[in-house]
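What follows is the residue order along each chain.
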Amino acid sequence: MDTYDPDTAPEPKVWLELDEGERLLLVGDYHDQAGDELPNVQMHAAIHVVVENQLAEAYLPAVEALARLMREDLSRHDAVHAIGSVLAEKIWTQTQGGGCAAGPGMVYEQELWTLTAQSWRERYGDQD
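Residues numbered from 1 in each chain as written. Predicted model: local features only at pLDDT ≥ 70, side-chain atom pairs only at ≥ 80, totals over all residues. Heavy atoms only, no water.

Undergrad: So what exactly am I meant to see when it comes to unusual backbone geometry here?
TA: Residues apart from glycine generally show negative phi values, whereas peptide bonds are mostly found in trans. One non-glycine residue, Ala-58, lies in the positive phi region at around 60°. Within the fold, Ala-58 resides in the loop between helix H3 (41-56) and helix H4 (60-71). Phi angles above zero are rare outside glycine, and Asp-73 is one such case at about 75°. (Helix = DSSP H or I, 4+ residues; strand = E, 2+ residues; numbered from the N terminus.)

Set out below in structure tokens:
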């Protein structure tokens with residue numbers, strides 16, 4: 001795999017055969033070439049990679065969320081951002097000592113099951 005395009009799903013087997021460093025470089029290169037000005041390119045790329053890993057591994061909450069968000073007229077790239085925004089919020093909450101008795105994974109799954117394009121736009125707006 002020589003390039004990454006968030007609007008085209010990478011072949012799961014090929015994606016998962018890459019090491020994490022290669023995945024991060026591909027995602028970072030995409031955003032560099034797209035001219036995206038991001039406050040933290042490494043963090044942005046890491047979130048993309050985690051979401052793409054979940055999709056490639058057929059993690060059902062992420063797969064279903066992606067399909068639903070795209071049916072609701074988000075581009076695949078924006079759908080990855082929407083899923084990633086939920087992930088980033090859960091990571092931030094955990095690093096701040098927050099969370100709940102159900103555990104971070106359970107909360108993440110619940111939020112993915114209820115994530116909609118409208119709820120993402122209302123909360124975060126379209127992000128690149």
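Undergrad: For this particular structure, what's the right way to read the nonpolar core?
TA: Most often, soluble globular proteins keep nonpolar side chains buried together rather than apart. Ranked by internal contacts, the top residues of the largest apolar core, which has 19 residues, are Leu-69, Leu-74, Ile-83, Leu-112 and Leu-115. Where this core is concerned, the elements lending two or more residues are H3, H4, helix H5 (76-95), helix H6 (104-114) and helix H7 (117-124). In terms of residue count, the dominant contributor to this core is H5 (6 residues). Among residues more than four places away in sequence, those in contact with Leu-115 are Arg-68, Leu-69, Ala-82, Ile-83, Val-86 and Trp-120. Among the nonpolar cores identified, the runner-up in size contains 8 residues, and Trp-15, Leu-18, Ala-45 and Val-49 belong to it. (Core = buried A, V, L, I, M, F, W, Y, C linked by side-chain atoms within 4.5 Å. Buried < 20%, exposed > 50% of the residue type's maximum accessible area, 1.4 Å probe, protein only. Contact = heavy atoms within 4.5 Å.)

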